[in-house]
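# Working through the structure, step by step
Listed below are the residues making up each chain.
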Amino acid sequence: MRAGNAACSSGAGKNSAPAVRFRISESGDRALKMTPLARLVLMCVAMITTASTSTLFSQVLKYAKPPDARNGEALYKNGCIACHGRHGNGAPQTSTEFSSPDTFPDFTRCDQTTAETNAAYKDVIVHGGPKRGFSQIMPAFGELLSSEQIDDLIAYIRGFCTDKRWPRGELNLPRALVTEKAYPEDEVVISTAMNASGAPGFTTDVIHEQRFGMNNQIEIDVPINSQDQNHAWNSGLGDITFGVKRVMFASLHTGSILSLQGGVLAPVGNHKYGFGNGTTTFEPFASFDQLFSTNTFLQFQLGADLPHRTDITPQSLFWRAAIGQTLAGDHRLGRMWSPMVEFLADRTLKDGASTNWDVLPEMQVTISARQHVRFDIGVRTPMTNTAGRDKQVVFYLLWDWADGKLWEGWK
Ligand code: HEC
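Analysis parameters
- Residues numbered from 1 in each chain as written.
- Predicted model: local features only at pLDDT ≥ 70, side-chain atom pairs only at ≥ 80, totals over all residues.
- Helix = DSSP H or I, 4+ residues; strand = E, 2+ residues; numbered from the N terminus.
- Buried ≥ 20, exposed ≤ 12 C-beta atoms within 10 Å, placed from the backbone.
- Contact = placed C-beta atoms within 7 Å.
- Axes fitted to C-alpha atoms, helices over the stretch in contact; angles between N-to-C directions.
- Parallel < 35°, antiparallel > 145°, perpendicular 65-115°, else oblique.
- Left-handed = near helix turned anticlockwise from the far one by under 90°.
- Core = buried A, V, L, I, M, F, W, Y, C linked by C-beta atoms within 7 Å.
- Near = placed C-beta within 6 Å.
- Nonpolar A, V, L, I, M, F, W, Y, C, P; charged D, E, K, R; others polar.
- Pairing = 2+ DSSP bridges.
- Expected span 1.5 Å × (residues − 1).

### What to know about the overall build of the protein chain
When helices and strands are tallied, the protein chain shows eight helices and 14 strands. Counting all 411 residues of the protein chain, 40% fall into the buried class. Long-range pairs, those at least 24 residues apart, make up 62% of the contacts in the protein chain between residues at least 6 apart in sequence.

In structure tokens form, the structure reads like this:
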């Protein structure tokens, strides 16, 4: 289960009052029931429209003038070859005056370079290594070269990785609090959902994600629960997820990426306390993400929880969407702020069950200079079947460990 799922599952589908179902009720008061949701959708659209017309954009997929890799090659041979080498894998140690840091890039290694965005490269080339917490040996070229020349250089450097099938880091959209993204990641996320109403309680998910090969990723999610249940404080593990994700399609050109994941939830959680399903659960899902050139993005996830023993826990479906916008100052190179809104739905596959709808507005921000440590916080509000489902404050700390150690890259 993902972080914050407690709101979905606690009291989920347990035959809540039919009056709050998200469908036409007999009294014909559907318009009234939909109002808060419709209002939120409107708010969202308004937010995105304002955001995308603002002057602060982040990384771009489109350029005013297409970058010219041939011009980039000439510049590279003048300014970069002494350190980065003719072939992009570093000049021979005998000819350089420095000993390379372990983060020194080998531009021929697609597995190391494709996850980096053009904006991250540009930031380092314009401002020098220290801007992103890298070595000061990497000089700043912002005074010597124009913005277009730097784009040309990046286009040339990209050519050192010859296998174009690797999904590009631009498609690694800001991780939402609940909706799972499609891009395969190397990251550790510690995500907490705390009840903001009703009985006190929280769930913390410790999530480890590790990429392998071009398109695959494994995921382990260990949830830890602590809840006030009828004035007794109960704590314990939830069901542990083991998942394997695979990218089925990725295109920087269209800004789209599609992945499938198969997961198994081991029934180690205490079913009596509502911390686990009490039976092994299979959890397949699909994630589709779309990035637009304005840095507006959409993320969709559709999946099912299929318990082995449906007499203990019924099957359910879930669908989630996140819509957001990334904003960054300093000509799109600076700290990234990503406001998002998630729409979260789940429904047990039982006669008479109705859909739980939640909305979750949130803000993600990169907190380290290297942007490899991020924080996200939001409030998850149940919109339907609200009986027994509490409003929650959800937040995470994310560490992209492929980009450096947790304590490195802060200044
Ligand atoms: C004096 C040596 C030197 C020169 C000249 C130099 N670099 Fe670097 N560059 C480095 C070092 C060292 C690093 C690694 C810094 C680290 O990992 O701490 C680096 C890192 C980089 C990175 C990787 C940043 C990342 O996110 O991993 C890029 C891109 C880059 N250089 C591009 C260039 C370009 C383009 C030029 C020429 C315009 C250039 N460099 C010239 C030494 C140099």
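Here the narrative resumes.
### A closer look at the packing of helix H6 (residues 118–127) against helix H7 (residues 147–158)
Following both chains from N to C, one finds H6 and H7 inclined at 125 degrees, their axes separated by 10 Å at the closest point. Classed by the angle they form, the pair H6 and H7 counts as oblique. Where H6 crosses over H7, the handedness of that crossing is right-handed. Between H6, through Asn118, Tyr121, Lys122, Ile125 and Val126, and H7, the contact on the second element is made entirely by Ile150, Leu153 and Ile154.

### Regarding the nonpolar core
Counting 20 residues, the largest nonpolar core has Ala176, Leu177, Val178, Met340, Val341, Val359 and Leu360 as the members making the most contacts within it. Put simply, the parts of the chain that give this core at least two residues each are strand S1 (187–195), strand S9 (316–325), strand S11 (336–348), strand S12 (356–366) and strand S14 (392–399). At four residues, S11 tops the list of elements feeding residues into this core. In this structure, Phe107, Ile125, Met138 and Ile157 belong to the second largest nonpolar core, which totals twelve residues.

### Comments concerning the site of the ligand
The environment of the ligand is made up of 23 residues, and the closest members are Cys80, Cys83, Thr103, Phe134 and Ser135. Of all the secondary-structure elements, those providing two or more residues to the shell around the ligand are helix H4 (81–84) and H6. In terms of residue class, the shell around the ligand is made up of 16 nonpolar, six polar and one charged.

### A word on the environment of glycine 378
For glycine 378, the position within the fold is in strand S13 (residues 373–382). Sequence separation between glycine 378 and phenylalanine 395 is 17 residues; the distance between their C-alpha atoms is 6.4 Å. Residues contacting glycine 378, with those up to four places away along its chain left out, are Leu177, Leu360, Pro361, Glu362 and Val394.

### A closer look at the environment of phenylalanine 212
Structurally, the position occupied by phenylalanine 212 is in strand S2 (residues 201–212). In this structure the C-alpha to C-alpha distance between phenylalanine 212 and lysine 245, which are 33 residues apart in sequence, comes to 10.0 Å.

### Considering the pairing of strand S4 (residues 232–237)
Every regular strand shows the same layout, with side chains that alternate between the two sheet faces. Note: strand S3 (residues 216–229) against S4, six bridges, orientation antiparallel. Paired with serine 226 across the bridge in S4 is serine 235. Where S3 folds back onto S4 in an antiparallel hairpin, the turn is made up of two residues, including asparagine 230, whose phi is positive at roughly 50 degrees.

### Thoughts on H7
The first and last C-alpha atoms of H7 sit 17 Å apart over twelve residues, in line with the 16 Å expected at 1.5 Å per residue. Of the positions making up H7, those classed as buried are Ile150, Asp151, Asp152, Leu153, Tyr156, Ile157 and Arg158. Turning to H7, the residues buried within the fold contact helix H3 (69–79) and H6.

### Structural notes on the packing of H3 against H7
Relative orientation and spacing of two packed helices are given, respectively, by the angle between their axes and the distance between those axes. For the pair H3 and H7, interaxial distance at closest approach is 7 Å and the crossing angle is 95 degrees. Taken together, the axes of H3 and H7 lie roughly perpendicular to each other. The segment H3 lies against H7, with Ala69, Asn71, Gly72, Glu73, Leu75 and Tyr76 engaging Gln149, Asp152, Leu153, Ala155 and Tyr156. Classifying every residue of the contact of H3 with H7 by side-chain character gives six nonpolar, three polar and two charged.

### Regarding unusual backbone geometry
A positive phi angle, close to 50 degrees, is found at histidine 331, a residue other than glycine. Assignment of secondary structure puts histidine 331 in helix H8 (residues 329–332). Phi at glutamine 371 takes a positive value of approximately 65 degrees, unusual for a residue other than glycine.

### Description of the pairing of strand S6 (residues 256–266)
Side chains of S6 alternate between two faces, with Ile257, Ser259, Gln261, Gly263 and Leu265 buried and Ser256, Leu258, Leu260, Gly262, Val264 and Ala266 left unburied. Bridge analysis of strand S5 (residues 240–251) against S6 gives eleven bridges, and the strand direction is antiparallel. Considered in S6, the bridge of valine 247 is made with serine 259. The antiparallel hairpin formed by S5 and S6 contains four residues in its connecting segment, where glycine 255 sits at a positive phi of about 75 degrees. In the sheet, S6 pairs with strand S7 (residues 281–291) via ten bridges, with the strands oriented antiparallel. Paired with glycine 262 across the two strands is proline 284, which belongs to S7.

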